[in-house]
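# Architecture and fold: a report
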Amino acid sequence: MAWPIAEVARMSGVTARTLRHYDEIGLLPPAWLGANGHRYYEERQLLRLQQILVMRAMDLGLPEIGRVLAAQVDELEALRGHHRRLLAERDRLNVLAGTVARTITELEQSRKDGTDMISISRPENLFEGVRSAECMKALRGFPELVGAIERHTSALSEAEIEADERERTAQMIRLAELLAAGLPADADAVQAEIDTQYRTLARIRAATADEYRAIGRSCVENEHWHAVYESIAPGLAAYQRAAIEAYAATRLR
């Protein structure tokens, strides 16, 4: 059975224009073209589209999705992998929802008691005024990674730099919430958050296991980085390092 592009667009919620773009970049060619030049898709193409949409929902860019699809040899195993990551993301969001609920309860109680509750510091932006050159001192042993990050940063506008800084602060706060919830560093929800951090870095350059471990160690060993993490929550620097170690051991081997 085959479906025309208009029907696939209706079923998937993806516009026909996007489907044509996916064809033009080689990401999702149709099964065949009709005599009128219209694109038609069969079940295999719909399964591939499903994988694309899942990975888009996980914030992967189209070039990265293309590499993933080109490397996979078994569609069923690939779907199982996507399913595991989605479940991990669900677990992470459930943990965060629970953390927020507990925080609401604690805040309500502290206000009734007339006291201030101090837990996780949630600054809007910890990195304002801290430029890449200072942060990269912790990674002197990995010049290729440092060079890629510095080239990326130098090409950004001030607004883009600020947005990146705010996102890095937000990532640290989310990890602190998982620490506060009592999850071990290798828990699925924690590893899903570390995967988000890694994919953010991979947009610039995919770090090797050794490079990523060095980033984890710098959170504890570098005085500047350690102070930044500890300003959010005591023990966060060591927690980040342990989480990265677990991630590198299981996903970057």
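As a reminder, the structure under discussion sits directly above these lines.
The paragraphs below set out a description of the structure included in this document. (Residues numbered from 1 in each chain as written. Predicted model: local features only at pLDDT ≥ 70, side-chain atom pairs only at ≥ 80, totals over all residues. Heavy atoms only, no water.)

### Observations regarding the overall build of the chain
- Within the chain, the regular secondary structure consists of 12 helices and 3 strands.
- Buried positions account for 40% of the 253 residues belonging to the chain.
- For the chain, long-range pairs separated by at least 24 residues make up 64% of all intrachain contacts whose partners lie at least 6 apart in sequence.
- For the chain, the exposed area adds up to about 14300 Å²; of that, 53% sits on carbon and sulfur atoms. (Helix = DSSP H or I, 4+ residues; strand = E, 2+ residues; numbered from the N terminus. Buried < 20%, exposed > 50% of the residue type's maximum accessible area, 1.4 Å probe, protein only. Contact = heavy atoms within 4.5 Å. Areas by Shrake-Rupley, 256 points an atom, 1.4 Å probe, with all protein chains shown as cover.)

### Looking at the packing of aromatic side chains
- Applying the stated criterion to the full structure yields 4 aromatic pairs.
- Summarising the aromatic geometry, the rings of W32 and Y40 are spaced 4.5 Å apart at their centres and angled 10° between planes, so their arrangement reads as stacked.
- Looking at W32, the relative accessible area reads 38%, which means it is partly exposed.
- Relative to Y247, the ring of Y212 lies with its centre 5.8 Å away and its plane at 70°, an arrangement referred to as edge-to-face. Of this pair, Y212 sits in helix α10 (residues 209-221) while Y247 sits in helix α12 (residues 236-251), and the two are 35 residues apart along the sequence. The same class applies to Y212 as to Y247, namely buried.
- Each residue in the set Y198, Y212 and Y247 is aromatic and connected to the rest through ring pairs, giving one cluster. (Phe/Tyr/Trp six-rings, centres within 6.5 Å; stacked < 30°, edge-to-face > 60°.)

### Quick word on the layout of surface pockets
- Of the volumes computed, that of the second largest pocket is approximately 450 Å³.
- Listed by contribution, the elements that provide at least two residues to the lining of the second largest pocket are α4 (62-71), α5 (75-113), α9 (188-202) and α12.
- By residue class, the composition of the lining of the second largest pocket is 10 nonpolar, 3 polar and 8 charged. (1 Å grid on protein atoms, 1.4 Å probe; cavity = no way out; pocket = protein on both sides within 12 Å on 5 of 7 lines; lining within 4 Å. Points joined across faces, edges and corners; volume = space filled by probe spheres on them. Nonpolar A, V, L, I, M, F, W, Y, C, P; charged D, E, K, R; others polar.)

### Focus on the sheet that holds strand β1 (residues 3-4)
- Judged by pairing direction, the sheet is antiparallel, and its 3 strands sit side by side in the order β1-β3-β2 without closing on themselves. Each of the sheet's edge strands pairs with one partner strand only, and the pair in question is β1 and β2 (32-33).
- The sheet contact formed by β2 and strand β3 (residues 39-41) spans 2 bridges and is antiparallel. Note on β3: the bridge partner recorded for L33 is R39. (Pairing = 2+ DSSP bridges.)

### Some thoughts on helix α1 (residues 5-12)
- Within the sequence span of α1, burial applies to I5, V8 and A9. When α1 is viewed along its axis, its buried side chains cluster within an angular range of 100° and face the same direction. Those residues of α1 that are exposed and angled more than 90 degrees off the buried face are A6 and R10.
- Those residues of α1 that are buried are in contact with β1, α2 (16-24), β3 and α3 (43-57).
- Of the residues trailing α1, G13 is marked for its positive phi of about 80°. (Arc of directions from axis to C-beta.)

### Focus: the pattern of salt bridges
- As enumerated under the stated definition, the model contains 9 salt bridges in all.
- The partner of R205 in a salt bridge is E211, and the shortest N-O contact between them spans 2.7 Å.
- Residue E211 is classed as buried on the basis of its relative accessible area, which comes to 5%.
- Of the charged contacts in the structure, one is a salt bridge between D210 and R213, with a shortest N-O distance of 3.7 Å. Separated by 3 residues within a single helix, D210 and R213 lie in helix α10, roughly one turn from each other. (Salt bridge = Lys/Arg side-chain N within 4 Å of Asp/Glu carboxyl O.)

### Let's talk about the side chain of T196
- For T196, the position within the fold is in helix α9.
- Sequence-distant contacts of T196, defined by excluding residues within four places in its chain, comprise Q171 and R174.

### Describing the packing of helix α8 (residues 158-180) against α12
- With their axes 10 Å apart at the nearest point, α8 and α12 run at an angle of 95° to one another. In terms of orientation, α8 lies roughly perpendicular with respect to α12. On the side of α8, the interface is formed by M172, L175, A176, L178 and L179, while α12 contributes L236, Y239 and Q240.
- In the contact of α8 with α12, the residues fall into 7 nonpolar, 1 polar and no charged. (Axes fitted to C-alpha atoms, helices over the stretch in contact; angles between N-to-C directions. Parallel < 35°, antiparallel > 145°, perpendicular 65-115°, else oblique.)

All we've got here are geometric facts, nothing functional implied.
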